[in-house]
Amino acid sequence: MEKTVRFDVEGMSCAACVARVEKILNNNAGIENAAVNLATQTVQFETDLRDLEPVMTQLGAAGYPAKFASADRPMQSEVRELEATEVWQRIVFAGALTIPVFVAEMGGHLFPVIHDWLHGLLTMRGLWVVEFILATVLLAVPGREFFQKGIPALMARAPNMNSLVALGAGAAWLYSTLATFVPVIFPDGALAVYFEAAMMIVTLILLGRYFEARAKGRTGAAIEALIKLRPETANQIVDGEEKTVPIATIRVGDVLRIRPGERVSVDGIVIDGNSLVDESMLTGEPVPVVKDIGDEVIGGTINADGTFCIEVRATGTDTILARIVRMVENAQAEKLPIQATVDKVVGVFVPVIMAISALTALIWLLLGGGLSHAMVAAVSVLIIACPCAMGLATPTSILVGTGRAASLGVLFRKGDALQKLNEVTTVAFDKTGTLTEGQPRVVTIYSQDRREALRFAAAVEAMSEHPMARSILREAAEQGIDIEPVSDFKSHAGMGVEGVVASRRVLIGADRFMQSRSVSIANYQARAASLAQDGQTPFFVAVDGEMFALIGVADPIKSGARDVVTQLQNRGMRVAMITGDNAATADSIARRLGIDLVESEVMPEGKVDAVIALRGNGSIAFFGDGVNDAPALAAADVGIAMGTGTDVAIETADVVLMRGDLNGAVAAIRLSRAVMRNIRQNLFWAFAYNTALVPVAAGILYPGLGVLLSPVLAAAAMAFSSVFVVTNALRLRNYTAGRAA
């Protein structure tokens, strides 16, 4: 049986590293669908292997130490802060070595007096020896990582960013070292040193990594904010006494007291007291919710004013908050389809850049540009083409976008739903509980004995989970009718239910259910049609094979549903409704909502066919909330479940709306468009940057303008590219659901 495994992986710095790690894993028999997230430094894959130590050893040997991702591992912001601190220490050391060399070389060029003073003090050869010592220490200590990781990757024919930096800085150092100690091998005019270039390359790239680590530490801020909502302690009541205990000691069934202003410790049911609870951290809804005895409360929400006691129903990883965090993390670990194109490009990008660098040097030599110019151009090409920005373009946007979505009450359970939702052309809704309140009321009862009809119907419907069943039970309770025991209960999905009540066989359901059981409904059909035209759903009740009653149930349309339909249509989308309800009732609801496409009297399995039929030439999103919606949620290109729906629907969906608010549908689509637009901006920058600057680094502007890009400027530009991509993704943290997409 395959399981999903996640590793924390160290040492990944660019898209080439991502490709290397994925290739190593996917080449192992028993591992499939390995997907690396460069922004979180994790890899997720499916496997049936029990022992994964050899796999981790293999990754470590390739320069990417791996370990199992732990639920209690440090937060990304903490990891990045530690990384940034470590890199900063290396920058300070590198800067102390680089600044004297940079001032000596560049200052000497700009101010002849400095040049004459240094050469008079140390001689030119003596100055170069000092620069050699400082450059060698820099490359061996703060710059050691580039060589430790880059050279083995190069030898394994899987070059990455570290390889390019090692080649570029190493080439500048080697050229300068030979010029210092073996000058006779150089032709006239080629004797020069570039120690400052080698040192600045390393220092600037380290500086870029520092800013990148600081920026990436903020990409997971939204989901980390959710994690921090979990209280550390709880007020437990044992034998009438209250004591404060660590949250880890709480077990299902314990009783906890929640005081005003405190966060609810874990998921539970209110058993005493009442209050207003702020659930905005989960739903994005700012209005507090009234909680009374019997109501569910969720760990991490805030008790506004009253005091109440709860019986614990879920702890630890079983709580709703933990499930939300897990869903978002899984979505962040996945790759979007657009990333496949990036991976293909990166797979050949680094080798091609190395070839361009070598070709650049050869062309400069053939054209008589000299060994010095050839080296400068070749090194610049290597440095400026590092594919860091390419590797970060997609995962950083996903990380920030899904985190922001979670804070707005929109949970992307699957990462690729971000892209698929952006491509949706048709939106289909289930009716009950999605477009309507899902809390229908009994409006009409046609029967010679209304009370007896309710008694039979309520007894059987007490065994059903259908929303309409609850309306009948509510009506029976209001009429003071006790629920009698039922035997031989059977549920016929999309048709109706049956059971034996007081030795009598009771059927309740749609007209097709009665017809399938040879129950004549001729005397009730006209009344049923009239109820349907009035927006009521007719339910036929038969006792011992004979019609006994007709019950009309109406489910109010959700406020704002019409506006949501209009907004989607204004965005050029087709809006449809798929329901098991009869055609007349469905058409009545559709008319009031402005929906043109209606698929009614659809069985649960038929909803899949309806989704496929409505797809047309585009892709389709399906909104539902019930158990019977699960097949359609799975069949749609994007399945979207209401967070107020059943667990089955939520677990099947790609996206979950934590509010029972249809406006979440528009928010989800807008957010997907915002994220995809952000990804396209990042990819454009990454690819356009390399496409435009590689020729410049190679010296294409030199013949006409005399411009030759310095390796130092190339290193600065490369570092800026990565920081730009991460910073652009961070703009999504300020996304608001009301913004036009």
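Located above this text is the structure these notes cover.
The structure presented is a predicted model; accordingly, all values stated were derived computationally and were not measured.

### Some points on unusual backbone geometry
- Positive phi is not limited to glycine here, since Asp-544 has a value of about 55°.
- Looking at where Asp-544 falls in the secondary structure, it is placed in the loop between β20 (537-543) and β21 (546-554).
- You will see that Glu-601, though not glycine, has its phi angle at about 50°, which is positive.
- Summarising the element assignment, Glu-601 is placed in the loop between β23 (597-599) and α22 (604-615).

### Some words on the packing of helix α20 (residues 561-570) against helix α25 (residues 663-698)
- The N-to-C vectors of α20 and α25 enclose an angle of 25°; their axes lie 8 Å apart at closest approach. Between α20 and α25, the crossing angle belongs to the class labelled roughly parallel. Between α20 and α25, the residues in contact are Val-564, Gln-567 and Leu-568 and Asn-663, Val-666, Ile-669 and Arg-670, respectively.
- Across the contact of α20 with α25, the residue classes tally to 4 nonpolar, 2 polar and 1 charged.

### A look at the sheet that holds strand β26 (residues 655-657)
- The strand order across the open sheet formed by 7 strands is β14-β26-β25-β24-β15-β22-β23, and the pairing between neighbours is mixed. At either end of the open sheet lies a strand with only one pairing partner, and these are β14 (410-412) and β23. Sheet twist, expressed as the mean angle between neighbouring strand axes with direction ignored, is 20°.
- For strand β15 (residues 424-430) and strand β22 (residues 574-578), the ladder comprises 5 bridges, and the chain directions are parallel. Paired with Phe-429 across the strands is Met-577, a residue of β22.
- Across the sheet, α25 is in contact with β14, β15, β24 (619-624) and β26; its angle to β14 comes to roughly 50°.

### Digging into the packing of aromatic side chains
- Throughout the structure, instances matching the rule amount to 8 aromatic pairs.
- With 5.2 Å between their ring centres and 80° between their planes, Phe-7 and Phe-68 make a pair best called edge-to-face. Note that Phe-7 is positioned in strand β1 (residues 3-9) and Phe-68 in strand β4 (residues 66-68), a separation of 61 residues in sequence.
- Residue class for Phe-7 comes out buried when judged on its relative accessible area of 0%.
- Residue class for Phe-68 comes out partly exposed when judged on its relative accessible area of 43%.
- The interplanar angle of 25° and the centroid separation of 4.8 Å between the aromatic rings of Phe-429 and Phe-623 together place this pair among those described as stacked.

### Points about α20
- Among all positions of α20, only Ala-561, Val-564, Val-565, Gln-567 and Leu-568 are buried. Down the axis of α20, the buried set is contained in an arc of 160°. They therefore lie on one face.
- In the core, the buried residues of α20 are packed alongside β15, α15 (431-435), β22, α21 (583-593) and α25.

### A look at the pairing of strand β9 (residues 275-278)
- Only one face of β9 is buried, namely the one carrying Ser-275 and Val-277, since none of Leu-276 and Asp-278 on the opposite face is buried.
- Bridge count between β9 and strand β10 (residues 289-291): 3 bridges; the pairing is antiparallel. The residue of β10 that forms the bridge with Ser-275 is Lys-291.
- Sheet analysis places β9 next to strand β12 (residues 302-303), joined by 2 bridges and oriented antiparallel. Bridging across to β12, Asp-278 finds its partner in Ile-302.

### Things to note about a nonpolar patch on the surface
- A cluster of nonpolar side chains, Leu-174, Leu-178, Phe-181, Val-182, Val-184 and Ile-185, forms an exposed patch at the surface whose accessible area comes to about 540 Å².
- Relative to the assigned elements, Val-184 resides in the loop between α6 (161-181) and α7 (195-216).
- Note on Val-184: relative accessible area 73%, which makes it exposed.

### Focus: the environment of Pro-695
- By secondary structure assignment, the location of Pro-695 is in helix α25.
- In this structure Pro-695 comes out as partly exposed when scored by relative accessible area, which is 30%.
- Taking the C-alpha atoms as reference points, Pro-695 and Ala-377, 318 residues apart in sequence, are found 9.7 Å from one another.
- If near-sequence neighbours (up to four positions away) are discounted, Pro-695 is found in contact with Asn-690 and Ile-700.

### Brief notes about the packing of α20 against α21
- Two elements in contact, α20 and α21, have axes whose closest approach is 9 Å; the angle formed by their N-to-C orientations is 70°. On the basis of the axis angle, α20 is roughly perpendicular to α21. In contact with Ala-561, Arg-562 and Val-565 of α20, α21 contributes Arg-591, Arg-592 and Leu-593.
- Looking at the contact of α20 with α21 residue by residue, the classes come out as 3 nonpolar, no polar and 3 charged.

### Observations regarding the pattern of salt bridges
- Under the criterion given, the structure shown has 16 salt bridges.
- In this structure, the salt-bridge partner of Arg-259 is Glu-242, at a minimum N-O distance of 2.2 Å. One end of the pair, Arg-259, is in the loop between β7 (255-258) and β8 (267-273); the other, Glu-242, is in strand β6 (residues 241-246), and 17 residues separate them in sequence.
- Arg-259 gets classed as partly exposed once you look at its relative accessible area, which sits at 35%.

Here is what the cut-offs are and how they apply
Residues numbered from 1 in each chain as written. Predicted model: local features only at pLDDT ≥ 70, side-chain atom pairs only at ≥ 80, totals over all residues. Heavy atoms only, no water. Helix = DSSP H or I, 4+ residues; strand = E, 2+ residues; numbered from the N terminus. Axes fitted to C-alpha atoms, helices over the stretch in contact; angles between N-to-C directions. Parallel < 35°, antiparallel > 145°, perpendicular 65-115°, else oblique. Contact = heavy atoms within 4.5 Å. Nonpolar A, V, L, I, M, F, W, Y, C, P; charged D, E, K, R; others polar. Pairing = 2+ DSSP bridges. Phe/Tyr/Trp six-rings, centres within 6.5 Å; stacked < 30°, edge-to-face > 60°. Buried < 20%, exposed > 50% of the residue type's maximum accessible area, 1.4 Å probe, protein only. Arc of directions from axis to C-beta. Patch = residues over 30% accessible without salt bridge, like charges linked within 9 Å, V, L, I, M, F, W, Y side chains within 5 Å. Areas by Shrake-Rupley, 256 points an atom, 1.4 Å probe, with all protein chains shown as cover. Salt bridge = Lys/Arg side-chain N within 4 Å of Asp/Glu carboxyl O.

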